[in-house]
Amino acid sequence: MKKIWLRLILVSGCVILADQITKYIIKINLALYDNIIVIEKFFNITHILNPGGAFGFFASGSLELRRFIFLFMSSVVALFVLWFYKRCAADFIVLSYGLALIFGGAMGNLIDRFRYGKVVDFLDFYIGSAHWPAFNVADSAISIGMGILIFHILFKKIPEF
C-alpha cells in the first residue's frame with residue numbers, strides 16, 4: 001500500500017516542482033506580456049497571467065466569483081482524484097500515473113491561484129493567425145493525465161464501482 005502512495009507523491013511532486021520552477025524562472029526573467037521567440041511563426045515563451053480557467057474560462061468574472069469557483073472546483077477535483085486513485089492504483093498502474101499527473105497539475109495551478117489569484121502561463125504555440133491559448137507545465141500534465149484517463153474509460157480498463 002505504501003508503494004502506491006509513494007508513486008502519487010513522486011509523480012505529483014515532480015509535476016508541482018517542475019511547474020513552480022518554470023513559472024518562477026519566467027516571472028524573474030520575463031516581464032508580463034514580454035515574449036521570447038523560440039521557433040519563428042510557431043512557438044514563443046510569453047509571460048501571461050490567466051485569471052480564468054482553461055482557455056480563459058471565467059476570466060471576465062469577478063475576482064471573488066473566480067476564487068470561489070476555482071478553489072472549490074479544484075478541491076472537489078483533487079478529492080475525487082485521490083479517491084479514484086486509491087481505488088485503482090494497485091491494479092491499474094498506468095491509470096494511476098495519469099491520475100497522479102492530473103493531481104500534480106491541479107495542485108501546481110492551485111498554488112498560483114492562492115499566491116497570485118491567477119495562473120502563470122508561458123508556453124505559446126501558434127501557426128499564422130491560429131493561436132493556441134498559452135499554457136504551462138501543470139496544464140500539460142493535466143492534459144496527458146486526462147488522455148490516459150479517457151483511454152482507460154474508452155477501453156473499459158477502470159475498476160468497477
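From a predicted model like this one, the values you see are computed outputs, not experimental measurements.

Rules used in this analysis
- Residues numbered from 1 in each chain as written.
- Predicted model: local features only at pLDDT ≥ 70, side-chain atom pairs only at ≥ 80, totals over all residues.
- Heavy atoms only, no water.
- Salt bridge = Lys/Arg side-chain N within 4 Å of Asp/Glu carboxyl O.
- Helix = DSSP H or I, 4+ residues; strand = E, 2+ residues; numbered from the N terminus.
- Buried < 20%, exposed > 50% of the residue type's maximum accessible area, 1.4 Å probe, protein only.
- Phe/Tyr/Trp six-rings, centres within 6.5 Å; stacked < 30°, edge-to-face > 60°.
- Core = buried A, V, L, I, M, F, W, Y, C linked by side-chain atoms within 4.5 Å.
- Contact = heavy atoms within 4.5 Å.

K.L.:
What's the story with the pattern of salt bridges in this structure? I'm lost.
P.N.:
Note that side chains of opposite charge can pair when their charged atoms are close. Enumeration over the complete set of coordinates arrives at 2 salt bridges. Residue D19 pairs with K23 through a salt bridge whose shortest N-O separation is 2.8 Å. Note that D19 and K23 are positioned in helix α1 (residues 2–29) at a spacing of 4 residues, about one turn of the helix. Of the residues examined, D19 reaches a relative accessible area of 0% and is grouped as buried. The salt bridge partner of K23 is D112, with a shortest N-O separation of 2.9 Å. Residue K23 is found in helix α1, and its partner D112 is found in helix α3 (residues 93–116); the two are separated by 89 residues along the sequence. Like K23, the residue D112 is buried in the burial classification.

K.L.:
What is the right way to read the packing of aromatic side chains from this model?
P.N.:
Note on aromatic pairs: each is described by the distance of the centres and the angle between the planes. Counted under the stated rule, the structure contains 8 aromatic pairs. Note on F43 and F125: the rings are 4.4 Å apart at their centroids and 20° apart in plane angle, and the pair reads as stacked. Of this pair, F43 sits in strand β2 (residues 43–50) while F125 sits in strand β3 (residues 119–127), placing them 82 residues apart in sequence.

K.L.:
Can you help me understand the nonpolar core in this one?
P.N.:
Soluble globular proteins tend to bury their nonpolar side chains together. Counting 22 residues, the largest nonpolar core has Y85, L95, L99, L101, F103 and M107 as its most contacted members. For this core, the element with the highest residue contribution is α3, accounting for 9 residues. When neighbours within four sequence positions are excluded, L101 is seen to be in contact with V11, V15, A141, I142, I144, G145 and I148. With 6 residues, the next largest nonpolar core counts I26, L30, F43 and L123 among its residues.

K.L.:
Can you walk me through unusual backbone geometry in this structure?
P.N.:
Peptide bonds are trans in most cases, and residues, glycine excluded, mostly fall at negative phi. Positive phi, normally seen in glycine, also occurs at K41, with a value near 60°. The class of K41 is exposed, set by a relative accessible area of 60%. The phi angle at K156 is positive, at roughly 50°, despite the residue not being glycine. Along the polypeptide, K156 turns up in the segment after α4 (137–154). K156 sits in the exposed class, given a relative accessible area of 71%.

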